[in-house]
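# Results of the structural survey
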Amino acid sequence: MLDTGIDIPEVVNLVFFKLVRSKTKFWQMVGRGTRLCPDLFGPENDKQFFYLFDYCQNLEYFSQNPETTDGHWRVTRQAAVQGQAGACRRTGSENKSRW
């Protein structure tokens with residue numbers, strides 16, 4: 001689990017496959033995707049977002065986009081850093097081509 005003491009800037013996919021009921025731990029885990037990573041996708045193509053796959057409804061528990069529960073979210077770094085995972089978007093075919 002990437003929940004404490006991990007700093008891997010290249011992380012672009014987070015998978016939540018356990019219940020988290022601590023708000024502190026939840027935001028710490030979300031923060032794993034927010035690490036800056038310049039040129040990750042090539043020169044001048046920095047990491048701008050990450051994907052969060054939540055199979056245990058942790059986002060809903062913390063009221064971070066309760067209208068959708070299928071667990072596939074595209075999170076901008078800015079929204080996560082500001083504590084607004086509610087700004088997450090459910091992924092669709094239009095987003096998958098970027099990866």
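Residues numbered from 1 in each chain as written. Predicted model: local features only at pLDDT ≥ 70, side-chain atom pairs only at ≥ 80, totals over all residues. Heavy atoms only, no water.

## Concerning the pattern of salt bridges
Applying the stated criterion to the full structure yields 1 salt bridge. Residue R35 is joined to D7 by a salt bridge in which the shortest nitrogen-to-oxygen separation is 3.0 Å. Highlighted residues: R35 in the loop between helix 1 (23–31) and strand 2 (49–54) and D7 in the segment before strand 1 (13–16), separated in sequence by 28 residues. Given the relative accessible area of 24%, R35 is considered partly exposed. A relative accessible area of 54% means that D7 is categorised as exposed. (Salt bridge = Lys/Arg side-chain N within 4 Å of Asp/Glu carboxyl O. Helix = DSSP H or I, 4+ residues; strand = E, 2+ residues; numbered from the N terminus. Buried < 20%, exposed > 50% of the residue type's maximum accessible area, 1.4 Å probe, protein only.)

## Here we look at the side chain of N58
For N58, the position within the fold is in helix 2 (residues 58–61). Overall, N58 belongs to the buried group, its relative accessible area being 0%. At 3.2 Å, the side chain of N58 forms a polar contact with the side chain of R21. When residues no more than four places from it in sequence are discounted, the contact partners of N58 are F16, K18, L19, V20, R21 and F26. (Polar contact = N/O pair within 3.5 Å; in protein donor to acceptor, adjacent residues only side chain to side chain. Contact = heavy atoms within 4.5 Å.)

## Comments concerning a nonpolar patch on the surface
Where nonpolar side chains cluster on the molecular surface, the patch consists of V15, F17 and Y55 and spans about 340 Å² of accessible area. Accessibility expressed as a relative area gives 64% for F17, which makes it exposed. (Patch = residues over 30% accessible without salt bridge, like charges linked within 9 Å, V, L, I, M, F, W, Y side chains within 5 Å. Areas by Shrake-Rupley, 256 points an atom, 1.4 Å probe, with all protein chains shown as cover.)

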